Every structure is written in C-alpha cells, then in structure tokens.
Amino acid sequence: MKKNKYTIGVTGLNAIDNPGPGVPVIRALREANSFDVRIIGLSYESLEPGIYMHDLMDKVYQIPYPSNGTELLMERMAYINERENLDMIIPNFDAELFSFIRLSTRLEEMGIKTFLPTPEQFEERQKVNLPEFGEKYNIPVPGSEPLFATDKIPELMEDFDWPVLVKGKYYEASVAYNEEQIRIAFNKISAKWGLPVIIQEFVHGTEYNVTGLGDGKGNTIAAVPMRKQYITSLGKAWGGIAISDQKLIDLTTKFIAQTKWRGGFELELMKTKEGKFYLLEINPRIPAWIYLAVGAGQNIPEALVNLAMGNVVKPMKEYHAGKMFVRYSWDMIVDLKEFEKISITGEL
Amino acid sequence: MKIKKDIAVSETGLVFNPTTGESYSLNPIGMEIFSLMKEGKSTEEISGELLEHYHTDSSTLDKDIHDFMEMLNHYLLLEKDEEE
C-alpha cells in the first residue's frame, strides 16, 4: 500500500547543550513506518545546529520570536505554507507553545494541523499553578509560591525550609541555601524568562522523567519512563535509561485520564527514599530525550502525527526497559554561504 | 531472602534493576552467590555449595554471605524490602 507523505514543520532545532527536541523529533518522523515525510525546519536563530543537518531537513525557514506577537508569526506561517503546503506543525518550545495553541484554529483553516494541549490544559499545568493542579487531580506536588519582587523573600520564606528551588517560568532552576542566593537567582532568571519566579520546596530524592502522549479523550497512547544517568551543569540529561516502574506508568495514566491531556508531554518527578513520587513539573511538549522512547519501542512523534491526521492510533503498551541513550556533541563544517543565506534571506 | 523477580543479571555480572534504572557490577564470587540466590537456594544451601569449592571455614563464609545480602538489601534488590 502506498504510504501518505506529509509535509511537517518542526521547531526546536537548537541541538545545543540545552537541547531543543526538534532534531530527535525529526529523526523519529524519518523512521516512521506508517508515512513518509518532508521536513520543514523552523528556526529562530541562524546558528541552531539543526538548520545545517541536510540529511534531516528538506528546507529551513526562520520564524519570528513569540515575543514579536502572533500576527507576525501568522504572516510568516502563511508565507511558508504558500511555498511548502504544510500538513502539520510540531512546535517544541515552551515559550512558543501558547502562540501556536492560540493560532491552531487559523492554522487549521490554512490546512495545517497541530496536536497540542488545550489552552486550559496548558494554563493549569503552569509552574505557578502546580499546587492547585496537584490538589485538583490528587497528585503529590512540592509546595511552591510565585515570587514577583525580592523584598517579599523574607515573608515568603516563613513557609519554606532550606534549601529551596528557584525556578524560571519556562526554563532554568537553581538551588538556594539562603536569601542572598534566592536574590541572585531571582535577578538572573527573571531577566531571562520574566516574572514570576517560582520558589519551590526542595524534595530530596532521585529524579525520574516520563514522556508520553495523550489522545485528548483520556487515553494513554504512549508512556516511557526514564532515569537520567548523566546530568550536565544545566541539569539536562546527557545519558539516560528507560525503566519499567509500574508506579510511574500508573501515575502517568492517571494524569492523562484525569486531564484528558492532548498531545505530547514530559513529567518531571522526584522519588523520595520512601518510594513516594512528587510531580515537579509538567512540560506540555515532547522532551529532547524523545529518541530514547523511539529506541525503546514507542515512536511518539509518529503517533502524534497520526493522531493529528485523524488516523487510527493504537495505544503502545510495550517498550524495552534498559535501553539507554548517550548524547554526544559533533562539530559540523558549514560553508559561510549557508550561514549567509539563512541569516539574510531567512531560508535555506 | 529472595532477589526481586524482575532483577536481571548478565553473564558478565552486570545487575540491572529495571524499576530504578540502577545497575551494579558483581565480582565472580558475588555473581556465584547471586546466581544461587536467583535459583531460590537458602543461605545454608549457598554456604554448603560454596564450602565445597573454596578453602574457607563456614563462619567466615556465612559472615561474607550475610554481608553480601545486606548490600543487596541496601540497594533494594531483595523482595523483603517490598513487604516492609
């Protein structure tokens, strides 16, 4: 039977030390059995490494930052769509997700599908809303409070024990052992990611992550848990192993069933010495380590595309625990002409 | 004390706990004890089998087996922890 060929736009081509998920998502799509793909890379910066990976990209376009407004982004998407006739877009950055969620109806009218969380799902899992989320769905979460100004630190700290985690709205976190360290982290993180900064109870234990896919009706289409084995100074996994903890699978299934989660996601959890899991964060997108899930037997990006296209997708229950990923860095040699083309014309 | 059912050990002595993702390497004698435990043998049976192959006295061997099992328990590789 002839396979469908989909043209898919993918963001997150920054395969750097704090990697975006775009490159592994594209690898997964290229390995899909149920369809063929034409990949349109969507980049923000001229030095995102994925731009120059010609065996993965068919064409790359620069797109405007979310901070420039959704209208500009929509104009650019219309321009790209005229040339490429996109079937779908998979956005991979936390910071751009809200724009794409807002634009999803208009994109659909242009013939471009997405498979993203609803605005309500996106909002209620925000870091600042995590305590309410935990209470609503009966999932243990560490205590946390938003912090808007440094003069509120002493008052806020009456409710916490030391140390605490100081977290950015979208990215970054650091451990603080005193008020001065909170102030330093607050200034650094708020300058980069805006307000509020979140102060979170520090849960001692081992970190686990789960990536999965919900069909928007409460069904778990995929779920693969992983333990980070090698962590960079930014807290990113540079090596990890797929594990088979039933408690993690149950928690993920419960999360999807209760929220009716739509799309890919990553749960960040901490397991205490007593074996209790705390949900630290919900990332409303596919994580950068997604290729481990593919290697372990669950091609989540492929299933995501099929869900978006309205194809029948059977839940994937099996995967190989013990499969590992080991990340590496690789220097590509790039001609100045290519850099010039993407920088000046915004296309490559 | 029983080793948890899902704990796997390779021919070269790599023990993998699929629930936690932790792995450990065993030396040859550790592997021998581990394999006997996997077969469901009791501490006395393991001690008896090893005494046939190694020049040592039973009290030293019993202590070593006990220490080894304590270590397995510490790393949550034994069924006993599940019940506690």
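Preceding this section is the structure that the text describes.
Residues numbered from 1 in each chain as written. Chains lettered and ligands numbered in written order. Predicted model: local features only at pLDDT ≥ 70, side-chain atom pairs only at ≥ 80, totals over all residues.

Enquirer: Which residues make up the environment of A:Trp238, and what are the values?
Expert: Residue and element names in this part refer to chain A. Tracing the backbone shows Trp238 in strand S11 (residues 237–242). Distance from Trp238 to Tyr328, taken between C-alpha atoms, is 7.6 Å for residues 90 residues apart in sequence. Those residues in contact with Trp238 that lie beyond four places of it in its chain are Tyr230, Ile231, Thr232 and Arg327. (Helix = DSSP H or I, 4+ residues; strand = E, 2+ residues; numbered from the N terminus. Contact = placed C-beta atoms within 7 Å.)

Enquirer: Now, about the sheet that holds strand S2 (residues 14–16) of chain B: what can you tell me, with residues and values included?
Expert: Residue and element names in this part refer to chain B. Spatially, the three strands line up as an open sheet ordered S1-S2-S3, and their pairing is antiparallel. The two strands at the open ends of the sheet, each matched to only one other strand, are strand S1 (8–9) and strand S3 (23–25). Pairing analysis gives two bridges linking S1 to S2, with the strands arranged antiparallel. Bridge assignment links Ala8 to a residue of S2, and that residue is Phe16. (Pairing = 2+ DSSP bridges.)

Enquirer: Describe helix H10 (residues 300–308) of chain A, and please don't skip the residues or the numbers.
Expert: Since there are 3.6 residues in each turn of an α-helix, residues three or four apart along the chain are aligned in direction. All names here are of chain A. Within H10, nine of the nine residues are buried, which leaves the element mostly enclosed by the surrounding structure. Taken as a whole, H10 has its buried residues at Ile300, Pro301, Glu302, Ala303, Leu304, Val305, Asn306, Leu307 and Ala308. Where H10 terminates, the next one or two residues include Gly310, which has phi positive at roughly 80 degrees. (Buried ≥ 20, exposed ≤ 12 C-beta atoms within 10 Å, placed from the backbone.)

Enquirer: How would you sum up the pairing of strand S1 (residues 4–10) of chain A? Please name residues and give values.
Expert: Residues and elements named next belong to chain A. Two elements, S1 and strand S2 (residues 35–43), share seven bridges in a ladder whose sense is parallel. Residue Val10 lies in a different strand from S2, and its bridge partner there is Gly41. Between the parallel pair S1 and S2, the chain is carried across by helix H1 (residues 22–30), and the sense of this crossover is right-handed. In terms of strand pairing, S1 meets strand S4 (residues 88–90) through three bridges, oriented parallel. Each bridged residue has a counterpart across the sheet, and for Gly9 the counterpart in S4 is Ile89. (Right-handed = clockwise from strand over helix to strand, strands pointing away.)

Enquirer: Talk me through the packing of helix H2 (residues 43–53) of chain B against helix H3 (residues 58–74) of chain B; I want residue IDs and the actual numbers.
Expert: Packed helices, taken two at a time, are described by the angle between their axes plus the distance between the axes. Residues and elements named next belong to chain B. Two numbers describe how H2 lies on H3: the axes approach to 10 Å, and their chain directions differ by 125 degrees. Between H2 and H3, the interaxial angle falls into the category oblique. The handedness of the crossing between H2 and H3 comes out as right-handed. Mapping the contact onto sequence places Thr43, Ile46, Ser47, Leu50 and Leu51 in H2 and Ser58, Leu61, Asp62 and Ile65 in H3. The residue inventory of the contact of H2 with H3, partitioned by class, reads five nonpolar, three polar and one charged. (Axes fitted to C-alpha atoms, helices over the stretch in contact; angles between N-to-C directions. Parallel < 35°, antiparallel > 145°, perpendicular 65-115°, else oblique. Left-handed = near helix turned anticlockwise from the far one by under 90°. Nonpolar A, V, L, I, M, F, W, Y, C, P; charged D, E, K, R; others polar.)

Enquirer: Before we move on, could you go through the pairing of S2(A) and cite the residues and values that matter?
Expert: Relative to strand S3 (residues 59–62) of chain A, S2(A) runs parallel, the two sharing four bridges. By the bridge assignment for S3(A), A:Ile40 is matched with A:Lys59.

Enquirer: With reference to specific residues and values, describe unusual backbone geometry.
Expert: Omega for the peptide link from A:Trp162 to A:Pro163 comes to -10 degrees, which places this bond in the cis form. When you line up the elements, A:Pro163 lands in the loop between helix H6 (153–156) and strand S6 (164–167). Even without being a glycine, B:Leu76 presents a positive backbone phi close to 60 degrees. By secondary structure assignment, the location of B:Leu76 is in the loop between H3 and helix H4 (80–83).

Enquirer: Lay out the sheet that holds S6(A) with the relevant residues and their values.
Expert: Residues and elements named next belong to chain A. The four strands are arranged S5-S8-S6-S7 in an open sheet whose pairing can be described as antiparallel. Of all strands in the sheet, those bounded by a partner on one side alone are strand S5 (144–147) and strand S7 (173–176). Direction aside, neighbouring strands of the sheet carry axes that sit 25 degrees apart on average. For S5 and strand S8 (residues 197–201), the ladder comprises four bridges, and the chain directions are antiparallel. Of the residues in S8, the one forming a bridge with Glu145 is Ile199.

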